[in-house]
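Examining the three-dimensional arrangement
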Amino acid sequence: MTSHQASPQRLGQLARSQWSIENRLHFVRDTTFAEDASKIRTGHGPENMATLRNLAINALRAAGHRNIAAGIRHVSYEPFTRPLDLLGIA
C-alpha cells in the first residue's frame, strides 16, 4: 500500500477484519474443540481435523446455533439421529 492508501482508518479496518476471522473461527475451534491441545500432528491429520471442525461449526451455525458449544451439546443428546438431521442426511 502507498502512504495515501494506508490511512489510519484503512489500517484499523484491516486489523479489525483479521480479528473477526480469529474470533469467529480460530477462537471457537480452540475453545470448543481444544485444537491447540490436539495431539494430531503428523501427515494430513491436522488439516483433516481442521476441516471436520470447520464442517461442524458451519453446520451448527447454518442450523441457527449461535453458541457452538451449546449446539454440540444439543446434537449429542441423540447422537444417532440429530447429527444426521443437522446435515440433512437422515
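Anything mentioned here points back to the structure above.
First things first, this report covers the structure right here in the doc.

Criteria and cut-off values
- Throughout this description, residue numbers start from 1 for each chain and increase along the sequence as written.
- Thresholds applied to this predicted model are a pLDDT of at least 70 for local features of residues and 80 or more for the giving and counting of side-chain atom pairs; totals over whole chains, interfaces and linings are not thresholded and use all residues.
- Hydrogen atoms and water are omitted, and side-chain values are computed over all heavy atoms in the structure.
- Secondary structure counts use DSSP, requiring at least four H or I residues in a row for a helix and at least two E residues in a row for a strand, with both numbered from the N terminus.
- Expected helix span is taken as 1.5 Å per residue step, with the number of steps being one fewer than the number of residues.
- Only protein chains enter the calculation, and the probe is 1.4 Å; a residue is then buried if its accessible area is under 20% of its type maximum, exposed if over 50%, and partly exposed in between.
- For this analysis, residues touch if any pair of their heavy atoms sits within 4.5 Å.
- Orientation is described by lines fitted to C-alpha atoms, with helices fitted over the stretch in contact, and by angles between N-to-C directions that extend from 0 to 180 degrees.
- Any angle that is under 35 degrees is reported as roughly parallel, and any over 145 degrees as roughly antiparallel; angles of 65 to 115 degrees are reported as roughly perpendicular and all others as oblique.
- Gly is placed with the polar residues, together with every amino acid not listed as nonpolar (Ala, Val, Leu, Ile, Met, Phe, Trp, Tyr, Cys and Pro) or charged (Asp, Glu, Lys and Arg).
- Note on definitions: salt bridges are taken to be side-chain nitrogens of Lys or Arg within 4 Å of carboxyl oxygens of Asp or Glu.

Focus on helix H2 (residues 45-62)
An ideal rise of 1.5 Å per residue puts 26 Å on 18 residues; H2 measures up with 25 Å between its terminal C-alpha atoms. Of the positions making up H2, those classed as buried are Gly-45, Ala-50, Arg-53, Asn-54, Ile-57, Ala-59 and Leu-60. Taken together, the buried residues of H2 touch helix H1 (8-33), helix H3 (68-76) and helix H4 (82-87). Positive phi appears at Gly-64, one or two residues downstream of H2, with a value of about 100°.

Structural notes on the packing of H2 against H3
Contact geometry of H2 with H3 gives a least axis separation of 10 Å together with a crossing angle of 85°. Between H2 and H3, the interaxial angle falls into the category roughly perpendicular. Of the residues in H3, those in contact with Ile-57, Leu-60 and Arg-61 of H2 are Ile-68, Gly-71, Ile-72 and Val-75. A breakdown of the residues in the contact of H2 with H3 according to their chemical character gives 5 nonpolar, 1 polar and 1 charged.

Looking at unusual backbone geometry
If you check the backbone angles, Ala-34 has positive phi at about 50° while not being a glycine. Note that Ala-34 resides in the loop between H1 and H2.

Structural notes on the pattern of salt bridges
Throughout the structure, instances matching the rule amount to 3 salt bridges. With a closest N to O distance of 3.0 Å, Glu-35 and Arg-29 form a salt bridge. No difference in accessibility class separates Glu-35 from Arg-29, as the two residues are buried. The partner of Arg-82 in a salt bridge is Glu-78, with the nearest N and O atoms 3.3 Å apart. Judged by relative accessible area, which is 23%, Arg-82 ranks as partly exposed. A residue is classified by how much of its surface remains accessible, and Glu-78, at 39% relative accessible area, is partly exposed. The network of salt bridges with shared partners includes Arg-29, Glu-35 and Arg-53.

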